[in-house]
Every structure is written in C-alpha cells, then in structure tokens.
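The chain contents come next:
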Amino acid sequence: MDPITTHTGRAVALRRSDVDTDQIIPAVYLKRVTRTGFEDGLFAAWRADPEFVLNRPESAGATVLVAGPNFGTGSSREHAVWALRDHGFRVVVSSGFADIFRGNAGKGGLVTAQVRQRDVDDLWDAIDADPKVEVTVDLAGRTVTWGDRAVGFEIDDYTRWRLMQGLDDVDLTLRHVSDVQVFESQRPSWLPVTR
Amino acid sequence: MARTLAEKVWESHVVRRAPGEPDLLYIDLHLVHEVTSPQAFDGLRLAGRPVRRPDLTLATEDHNVPTLDIDLPIADPVSRTQVETLRRNCAEFDVPLHSLGDEEQGIVHVVGPQLGLTQPGMTVVCGDSHTSTHGAFGALAFGIGTSEVEHVLATQTLPLRPFKTMAVTIEGDLAAGVTAKDVILAVIAEIGTGGGQGYVIEYRGSAVKAMSMEARMTMCNMSIEAGARAGMVAPDETTYEFLKGRPRAPRDPDWDTAVQTWERLRSDNDAHFDREVVIDVAGLTPYVTWGTNPAQGAPLWSRVPDPATFADDNERAAGYRALDYMGLRPGTPLRDIEVDTVFLGSCTNGRIEDLRAAAAVIRGRQVTEGVRMLVVPGSVRVRLAAEDEGLDVVFKEAGAEWRNAGCSMCLGMNPDQLAPGERSASTSNRNFEGRQGKGGRTHLVSPQVAAATAVVGRLASPADLESTRG
Ligand code: SF4
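Residues numbered from 1 in each chain as written. Chains lettered and ligands numbered in written order. Predicted model: local features only at pLDDT ≥ 70, side-chain atom pairs only at ≥ 80, totals over all residues. Heavy atoms only, no water.

(A) Seen up close, unusual backbone geometry. Across the junction of Asp252 of chain B and Pro253 of chain B, the peptide omega takes the value 0 degrees, indicating a cis bond. Its identity is not glycine, yet Phe43 of chain A carries a phi of approximately 50 degrees, on the positive side. Within the element layout of this structure, Phe43 of chain A appears in the loop between α1 (21–24) and α2 (44–47). Phe43 of chain A gets classed as buried once you look at its relative accessible area, which sits at 1%. (Helix = DSSP H or I, 4+ residues; strand = E, 2+ residues; numbered from the N terminus. Buried < 20%, exposed > 50% of the residue type's maximum accessible area, 1.4 Å probe, protein only.)

Shown next, in the form of structure tokens:
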C-alpha cells in the first residue's frame, strides 16, 4: 500500500446517516473475481437518481467523502472499502464508523477520520458553499483542515501508524519473515506436502 | 502446566509472540476452492507477491461444479468464471489443483482426509466454515475470510487471538441405526446455535471413542452449526488405522516417529476447559430438524413442537417464523411430513461409510413415486469406491439418481436446487431459509433416515421399513 501522511483533495458532502454496506455496494456486485473494479457498484441504488450528490459534475474527482454518523454499518463485506477506494476516495470523514467497516478500511488503506457531528455539519456547509474547497487530512497532526478551519479527528494509534507506513497485514507479517523461516526449518520432515 | 489438546496444537505453532499483539501461527495445510479465493489471488498479484508455500496448499473445485454432464462447459456464467479463475490462478501461482474430471477432485473437506493430508496436531485452514471437519484427526482446523486467505497464501501464517476451549463429553452406547449425525444434532439442540461462539470444542467420552473416523468427521463438521470456531477429537488407534497407507501419510520409518508425536496429543487430565458439557446418548433415537436453524431439531418419533411452550422470547419468535417458512403446524408428528426430494451427500455425510449405510437401507427397495433422490458422493474417490462395491447399482435400481462429486444441493450454487415450496430430507448441514434453493424447505437427517424417507415418502427411519423390502 502507498504510505499516506497527509492528503488533500476536494470533498463530497453525503448528507446521510447510517449508510450501510449494502448501500455502499449492493450484493449483486459481489460476484466479481478481482480485487479491483468495484467502482461501478459504489452506491449503485442511489446513483440511479441523477440528483444524487455523486452524480453532480462538481463531485467528479473528489477524494474525500464526508458522511453522517454510523457510516459502514451492516454486513462485513470488505468490498465496501474496495468500492470506495476504486472510485478514488482516500478518506472518509464521519462522526462515527461501524467497527467492522473501520477495521476493513484500515486493512484496505482507506483513512477513517472521526470528527464531531458539529464539524461534519460545518464541513458540509463549506462544501455546499464552494464545491471546489480543498480539504486536507493530516494523519501526523490528526487534523482535518479546510479554508481557515482546522478540527481534530480520532483514529486509533495502530491504524494510523500502519497507514503512515503504508503497511498492510501481509507487510506486517513479512517483517517477521525470519521468524517464519526459523519455524519452517524446525518442522518435522515427515509432515505432508501437497505435491 | 496442564493443557488441553487445542492449546497443545496452538502452542506448537506459534511463530512469534509479542505483548499486546496476536500470536502469529504457522499453517500446515491451506485448502483452497473457487468461491473464496479469487480476490485473495488478485491481492497477491496487485502486490507482486508469490504464494509462499504452494507445497502446503491444495485447491479443488467443488462449490460450483455440476454433478451431471461434467465433460461439458459449465452452463452458468458466474460458476464458470469462478472455476476458470481458480484454474488460471493455480497455474500462475503454481498451486496444485484437482480439477473437474481429475480422480482426486471433490469437496475440499473430503479430499484432504482421504489423501492423508489431514493429520493429528496440524493447523488446517480454508476459506470455508466447515473446515472444522478436519478436527476429527486432532488437527486445529478452522474457516477463514478472503483477506486471511491472502495472508496465508503470502506468508503461510495467520495472526490470531486464542480461542476459548469447551469439552463436550458424550457418554453411552449408540443404539442401532443412531449415528454421529443424530448425536451432533442433539448436541446443537442442547447448546444452541450460538452456544459454541468463540470456542474450540473437544469431543470426548465413550461414544466418541467408539466412533469411526467418518463419524467423527460428521460430528466435527457441524461444530460450526453450534457457533464454534472448530471441533476436535484426540487421535487414537482409529485415527492411525484410517491414516496408515494413505498417499500423503508418513511412511516407514517416519510412521513410528509420527505416531509417537501424535500420542502426546491429548488433553491433560487436569486441563482446564472454559466450559464443559456432558451428554448421555444411550437413549438417543434418530434426530431430525423441523425448523430453519440446526438447533431446531427433535427426535424423529416426536411431534413438531409448539413455540408457545418455548421459555425464551427470541426462540419463541424464531420458532413461529420457522414453522411459517417450513409450512408446518405444531403437534404434527414429524413422521407425517412428506418430502419431495432426498439429498444424500455433502462434506457432512458424503463419505463412503455414509453411502454404505444408506445403501444398506435402500437395497431391494424403491424410492417412492413422486420423490426424487439425489446421491452425490463427496469426492471422485468416494464415487469410484462406491462403484467398486456396486453401491451405484443399488441406488440406481432403487430409482435414485447417481451423480458426480461436488457440494451440489448442499448449497445450491450449481443447478441442483429445490424449487420454491419444495421440501427435502437432506444429509447436509444447514437448513437455513433458501439454502438449497429459494423458498426450499430443508430437514436435516442422517444417511439412514434419508434412505428410509426416500422409500416411505415421509420422514422415516429404517425401523419404519420392516415390511417394505420387495
Ligand atoms: S458440502 Fe456444503 S458445507 Fe460442505 S463445503 Fe460444500 S457447500 Fe460447504
């Protein structure tokens, strides 16, 4: 994964709470056999509506999603994170995330920045006033900044460290590959192999 | 310190332990199938990583494969794509694969043991919840998600937090015609579908001691239906007897060393379990499910229960919902329930011993008019062994369909499905709504009950058949 310390981009105001993973990516899009290409399923039901915020021209190219509380609730599908990433989002700002989604996001290199709902409201207003407003999410300082506003956000230390190092679970384990090699050298030779 | 079997296997696989972090466990055998692996391989490809130990990895095609016309291309495009993707991935990453048409193809949990790949004391994982089957050998075997599949492919390890341990002690001699399937359905009814959550169950006691390996696999297989992560049985002579001479089992002179190691794999006498359950099966009779979760079961001789009598509010509500879905009324004798379909197969009851038991019941009898019976061996090897013994002829003469190996109607991903409202007696493991096809109604049963039911047309046991042999 690419390390991410600070990210700046345009934002989309998704004025909804309790956005569940079935909305983020409906089940019919899960049949694919690749890890990429899920962007067409992102919010598929809502995108049928031409007025849906992601369909507006000013939303094109945005990389920060700003949503209401309890984002990512529902089924544990990792595809929800992949769909957001594949669409181009690097950060979701919300006043609360569902636990499994938060865990999956950390694994998939998507930053979940948790701020107060008051700050979400202000940010929504700022985006509506000027869709071109640049939002900066700084993992080192744990701040979300737009215009002359800067607010703190919460993220757990371990996930933050991993995102800043650009490490996924496999990378982390591979740091201990010498332990794995030692273990392997001590396995009995009569244990079975598949060929 | 006194330790349980599960703890001994765990301890012997810790690659790395650090305060505040999960243990990094080594994985001895990674089984792969077409449904849960594609994104894992794609993840490797995106990161430019190889499979660390293809020689400890084995893939088979099972969930999607047709059981008829297996020499033709797979008709359903999604199924075909998944199978073709597995073939491409295995070729690219050098992973051994048993494809449709290969003599070692079959349900992943039938293939591992029959090759002798599953051995006592090993860690076994697969992107499939019924990996618990392999625990019958005294292995620590559990299902994992797709990200974990990728992690094991890349590193041959998994970061894990320890499970809790539960001892289920099963005492008493099983009556004739009562099987491991009846035992596990009774165990699940006792502890509930969530009763095993977070636990590894160790099955012990005189009834388990007396069971064959096939029976132990049936029992461990359905540990997951009690919510458990895994089920285990300590290895003994029965285990060694089953393994000896299998293609991947240790050979002389390693065999003796292996057995010495395996002998140490039992829970110490004073080992502490987080939970203990004792069940007496001496009076057990054949058990069947009436509802839509595996804990909604009852003795075949009894009646559909009245949810009004359930003490727990949630169970009462679930009971009413289940009866509604199943189209049943409280008080109906279970043996009055008519079925349309009988399915004999799956990783629960698709092994040779299961086919033999069912064939013994149906031999010389007829599947009753209006009922279709599907016999789907768990693997090609099982099919060939059954054909050697003439079991295929027994089933065909009785009017049953003799199919090729795969998961088939266990989950209805291939064309073998129930139509809406159709009712089955099934030797598989899940009676969830729609599991065997949208709107289908499933009663879980043992192979013997399946065969008797096919003859009578209603849920029945071999004892109901006395006068029906032609
Ligand atoms: S037979 Fe059924 S339970 Fe077993 S692996 Fe196949 S689908 Fe899963």
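(B) Representation of the site of the ligand. Neighbouring the ligand are His63, Ile107, His109, Asp128, His130, Ser346, Cys347, Cys407, Cys410, Leu411, Asn429 and Arg435 of chain B. The residue makeup of the shell around the ligand, split by class, is five nonpolar, five polar and two charged. (Near = heavy atom within 4 Å. Nonpolar A, V, L, I, M, F, W, Y, C, P; charged D, E, K, R; others polar.)

(C) Examining the pairing of strand β4 (residues 57–60) of chain B more closely. Residues and elements named next belong to chain B. On β4, burial covers both faces: Thr57 and Ala59 on one face and Leu58 and Thr60 on the other are all buried. The sheet contact formed by strand β3 (residues 29–32) and β4 spans three bridges and is parallel. Considered in β4, the bridge of His30 is made with Thr57. With helix α2 (residues 38–47) bridging β3 and its parallel neighbour β4, the resulting β-α-β unit is right-handed. Sheet topology note: the β4/strand β5 (residues 97–98) ladder contains two bridges and is parallel. Note on β5: the bridge partner recorded for Ala59 is Leu97. Note that the unit made of β4, helix α3 (residues 77–93) and β5 has a crossover that is right-handed. (Pairing = 2+ DSSP bridges. Right-handed = clockwise from strand over helix to strand, strands pointing away.)

(D) Structural view of the sheet that holds strand β11 (residues 230–232) of chain B. All names here are of chain B. As summarised here, the arrangement of the four strands in space is β11-β10-β9-β12, forming an open sheet in which the pairing is parallel. Two strands bound the open sheet, and with one partner strand each, they are β11 and β12 (275–280). Between one strand and the next, the sheet's axes are offset by a mean angle of 20 degrees, whatever the strand orientation. Summarising the sheet, strand β10 (residues 199–204) and β11 pair through three bridges and their orientation is parallel. Across the sheet, the residue bridging to Ile201 is Gly231, located in β11. (Axes fitted to C-alpha atoms, helices over the stretch in contact; angles between N-to-C directions.)

(E) The arrangement of the packing of aromatic side chains in detail. Within the structure shown, the criterion is met by 18 aromatic pairs over all chains. Arranged with centres 5.4 Å apart and planes meeting at 80 degrees, the rings of Phe142 of chain B and Phe163 of chain B form a pair that is edge-to-face. Taken together, the residues Phe142 of chain B in strand β7 (residues 140–143) and Phe163 of chain B in the loop between β8 (157–160) and β9 (164–171) connect sequence positions 21 residues apart. Here Phe142 of chain B and Phe163 of chain B have matching classes, each one buried. Between Phe395 of chain B and Trp402 of chain B the ring centres are 6.0 Å apart and the planes differ by 15 degrees, which places this aromatic pair in the stacked class. The class of Trp402 of chain B is buried, set by a relative accessible area of 14%. Ring-pair connections join several aromatic residues into one group, and the members of that group are Trp190 of chain A together with Tyr240, Trp255 and Trp262 of chain B. The ring of Tyr199 of chain B carries the charged tip of Lys164 of chain B above its face, separated from the ring centre by 4.6 Å. (Phe/Tyr/Trp six-rings, centres within 6.5 Å; stacked < 30°, edge-to-face > 60°. Lys NZ or Arg CZ within 6 Å of the ring centre and 35° of its normal.)

(F) View of the pattern of salt bridges. Residues and elements named next belong to chain B. Under the criterion given, the structure shown has 39 salt bridges over all chains. Among the salt bridges present, the one from Arg17 reaches Glu11, with a minimum N-O distance of 3.0 Å. Looking at Arg17, the relative accessible area reads 47%, which means it is partly exposed. Since its relative accessible area comes to 33%, Glu11 is described here as partly exposed. Asp23 serves as the salt-bridge partner of Arg17, at 2.7 Å between the closest nitrogen and oxygen. (Salt bridge = Lys/Arg side-chain N within 4 Å of Asp/Glu carboxyl O.)

Everything listed is a geometric property; what it means functionally is a separate question.
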